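# Secondary and tertiary structure notes
Residue-level listing of the chains:
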Amino acid sequence: MANQRRSGALLGYANILVRNLVYLLYTPLLLHYLGQNDYGVFQMVNSVVMSLSILSAGFSFAYIRFYSRREAKNDTTGIRQLNTVYLITYVCVACLAMLTGLILMANTDRIFSQGLTSAERSLAAALILILTINIAFSFLNTPFDAFIAAHEQFIFQQSRQMFTTLAQPFLAWILLECGLGAQGVAFSQILITVLLLGLNVRFACSKLRMSFDLHRFDRALFKSIFVFSFWIFLNQITDLVNNQVPNFLLGMLASSSTVAVFSVAMQVRTVFVSMSLAMSNVFVPLINRIVASSDDSDRLTKLMTRVGRYQMILFCFVFGGFVIIGRYFIHLWAGDQNADAYWLALMMILPVGVDLVQNTGIEIQRARNRQKTRSAILVTTATLDVVISIVLIPRLGYWATAIGYVVGMVLGYGILMNLYYHFSMKLDMRYFWAKQVSTLVLTVILTSVFVVLTHFSPVSSLSSFIVWGALYSVAFTVSAWYAVLSVDERNSIKNKLHLLRR
């Protein structure tokens, strides 16, 4: 399992690298084939349909917790009943998603009459239907994906993810070449999701021996999962507000072009989120086992801090690099019409960094079934985010959604959640942040130096972009190795690299 976690984390970061390289080509490709407005419509509809993910009501995050408790008792019958509850539940959720999508499609003209033209509304209706079918298949994937994750089969998961990351844009390009436009891009997502479902079912049922008891639906178990998942469901609403609602509001109250600019910034922000999750996700089963066996707060604090230090170093490295060469990157990647995405991304990425280096704390809360307060805090800040956005969008456009997001993140994740971790969860946040100071100081100094240097020699060509990026990378890596990492951490990294070479 340790090898699975180590390899899974490394493959996770390889996935991030591949995904980002794909984005370098995919986003300009979509902008070229679809144009600024159709691209904005596609991103807006994608956000609207992805909002249907809340229909799962947090069930997907509860599986490992309930599985771990049955596995600890070697309760194979209980695991089979758990699988049955999840399969039947997600079949029902997939049907509900289809019904909701059809209702949205029928009311497209009414919903987007202010922000979209007649042609754009027709395109939106077609995309809603296609992408709703896609998310319905995604729901069917959930029980099998959760079972694979509970068995810590991270190598399979990450390898499969890399394949789909490469396959979907390639398939979309073929369909775009055939003249199918945004509908072709959406249809490519369905094909990949169906393929992914087939791979998951085959691996879970054939190799891991996943089984079901379809003659019996355990209502008591369903009720326990529902009660536990309700608070996670509220967290999902918060994530929905942060990730999907801004595009929806911009589509309603502004225009498709503003959605396009904001979507570019959100894609940059998503890169930072995925970097953090790639490391923390592989520790979910371990955290659940610790909580189930001893619930040792000191051990959990040290695990959270150890993972957080590596997440902080990686976050600061990429954030500092984006500050220095990000403006020219946006110019190359998305064009000057999306230049404001640089400042939007900077605004949103900086406050989210606090949450990204602490997301193992989220898993500790879930394992302890202590997510109620977090849910209440984040729903409150998400509501504030929406109110700010609605009030300011008519005057400020996409800047309004960025302001609402920053206010919610600083108040919720930055201040209130750290107080909750420390005083209620008994996780020593003074210890946690004391271990992050050296990384923060190094980042501020190094980034400031390079900002000054690039002021005299601007990043204004591809060659200067590469040179400044390389110089910054070398300077940060060497400085972090000697000034931030401890001797034990350096030795641990050397040992892992040695094992990889073997």
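Thresholds applied
Residues numbered from 1 in each chain as written. Predicted model: local features only at pLDDT ≥ 70, side-chain atom pairs only at ≥ 80, totals over all residues. Heavy atoms only, no water. Helix = DSSP H or I, 4+ residues; strand = E, 2+ residues; numbered from the N terminus. Rg over C-alpha atoms; globule rule 2.2 N^0.38 Å. Buried < 20%, exposed > 50% of the residue type's maximum accessible area, 1.4 Å probe, protein only. Contact = heavy atoms within 4.5 Å. Phe/Tyr/Trp six-rings, centres within 6.5 Å; stacked < 30°, edge-to-face > 60°. Polar contact = N/O pair within 3.5 Å; in protein donor to acceptor, adjacent residues only side chain to side chain. Salt bridge = Lys/Arg side-chain N within 4 Å of Asp/Glu carboxyl O. Patch = residues over 30% accessible without salt bridge, like charges linked within 9 Å, V, L, I, M, F, W, Y side chains within 5 Å. Areas by Shrake-Rupley, 256 points an atom, 1.4 Å probe, with all protein chains shown as cover. Axes fitted to C-alpha atoms, helices over the stretch in contact; angles between N-to-C directions. Left-handed = near helix turned anticlockwise from the far one by under 90°. Nonpolar A, V, L, I, M, F, W, Y, C, P; charged D, E, K, R; others polar. Expected span 1.5 Å × (residues − 1).

### Overview of the overall build of the protein chain
When helices and strands are tallied, the protein chain shows 20 helices and zero strands. The C-alpha radius of gyration of the protein chain comes to 23 Å, within 12% of the 23 Å expected for a compact globule of 502 residues. Projected onto its principal axes, the C-alpha coordinates of the protein chain cover approximately 65 × 60 × 45 Å. Evaluated residue by residue, the protein chain yields a buried proportion of 53% over its 502 residues. Sequence-distant contacts in the protein chain: of pairs separated by 6 or more residues, those separated by 24 or more amount to 84%.

### Topic: the packing of aromatic side chains
Within this structure, the stated rule accounts for 23 aromatic pairs. Between Phe329 and Trp333 the ring centres are 5.3 Å apart and the planes differ by 20°, which places this aromatic pair in the stacked class. Pair noted here: Phe329 and Trp333 are both in helix H12 (residues 297-334), with a separation of four residues, about one helical turn. When the centroid spacing of 6.0 Å and the interplanar angle of 85° are considered together, the rings of Phe450 and Trp468 count as edge-to-face.

### A closer look at the environment of Asp336
You can see Asp336 is positioned in the loop between H12 and helix H13 (341-356). The exposed category is assigned to Asp336, whose relative accessible area is 54%. For the pair Asp336 and Leu396, spaced 60 residues apart in sequence, the C-alpha separation works out to 19 Å. In this structure the side chain of Asp336 is engaged in a polar contact, spanning 2.6 Å, whose partner is the side chain of His331.

### So, the pattern of salt bridges
Across all of its chains, the model carries five salt bridges by this definition. Across the salt bridge formed by Asp109 and Arg121, the nearest N and O atoms sit 3.2 Å from each other. Placement of Asp109 in helix H4 (residues 108-111) and of Arg121 in helix H5 (residues 118-150) is noted, with a sequence separation of twelve residues between them. Residue class for Arg121 comes out buried when judged on its relative accessible area of 16%. The partner of Lys302 in a salt bridge is Asp298, and the shortest N-O contact between them spans 3.5 Å. With Lys302 and Asp298 both in helix H12 and four residues apart, the pair spans about one turn of that helix. Residue Asp298 is classed as partly exposed on the basis of its relative accessible area, which comes to 46%.

### Details of unusual backbone geometry
Although it is not a glycine, Arg209 adopts a positive phi angle of roughly 60°. Mapped onto the fold, Arg209 is located in the loop between helix H7 (181-207) and helix H8 (219-243). Phi at Lys426 takes a positive value of approximately 60°, unusual for a residue other than glycine. As for its position among the elements, Lys426 is in the loop between helix H16 (398-423) and helix H17 (429-434).

### As for a nonpolar patch on the surface
A contiguous nonpolar patch, built from Leu384, Leu396, Ile403, Val407, Val410, Leu411, Ile415, Leu416, Leu419 and Phe423 and spanning about 770 Å² of accessible area, is present on the exposed surface. At the level of secondary structure, the elements contributing two or more residues to the nonpolar patch comprise helix H15 (372-396) and H16. By residue number, the principal contributor to the nonpolar patch is H16, which donates eight residues. Among the structural elements, Leu396 can be located in helix H15. Look at Leu396 and you get partly exposed, because its relative accessible area is 37%.

### What to know about the side chain of Arg309
Mapping Arg309 onto the fold places it in helix H12. Look at Arg309 and you get buried, because its relative accessible area is 8%. Only 2.6 Å separates the side chain of Arg309 from the backbone oxygen of Lys435, close enough to count as a polar contact. Not counting chain neighbours up to four residues away, the residues in contact with Arg309 comprise Lys435, Gln436, Ser438, Val484, Leu485, Ser486 and Glu489.

### A word on the packing of H8 against H16
A pair of packed helices is captured by two measures, namely the crossing angle of their axes and the spacing between those axes. Taken N-terminus to C-terminus, the directions of H8 and H16 make an angle of 145°; their axes are 10 Å apart at the nearest point. When the axes of H8 and H16 are compared, the crossing they make is left-handed. Contacts between H8 and H16 involve Thr238, Asp239 and Asn242 from the former and Tyr405, Met409 and Tyr413 from the latter. Its residues assigned to classes, the contact of H8 with H16 shows three nonpolar, two polar and one charged.

### Looking at the environment of Pro246
The residue Pro246 is located in helix H9 (residues 245-253) in this model. Residue class for Pro246 comes out buried when judged on its relative accessible area of 6%. Expressed as a C-alpha distance, the spacing of Pro246 and Asp385, which sit 139 residues apart in the sequence, is 9.3 Å. When sequence neighbours within four positions are dropped, the list of residues in contact with Pro246 reads Val241, Phe262 and Thr401.

### What to know about the environment of Gly397
For Gly397, the location among the structural elements is in the loop between H15 and H16. Sequence separation between Gly397 and Phe262 is 135 residues, and the spatial gap between their C-alpha atoms is 9.5 Å. For Gly397, the residues in contact, after removing those within four places along its chain, are Leu250 and Leu392.

### A look at helix H6 (residues 154-177)
With 24 residues, H6 ought to run about 34 Å at 1.5 Å a step, and its terminal C-alpha atoms sit 35 Å apart, in line with that. All of the buried residues along H6 are Phe154, Gln157, Gln158, Arg160, Thr164, Thr165, Ala167, Gln168, Pro169, Ala172, Leu175 and Leu176. Just past H6, the residue Gly179 takes up positive phi, approximately 85°.

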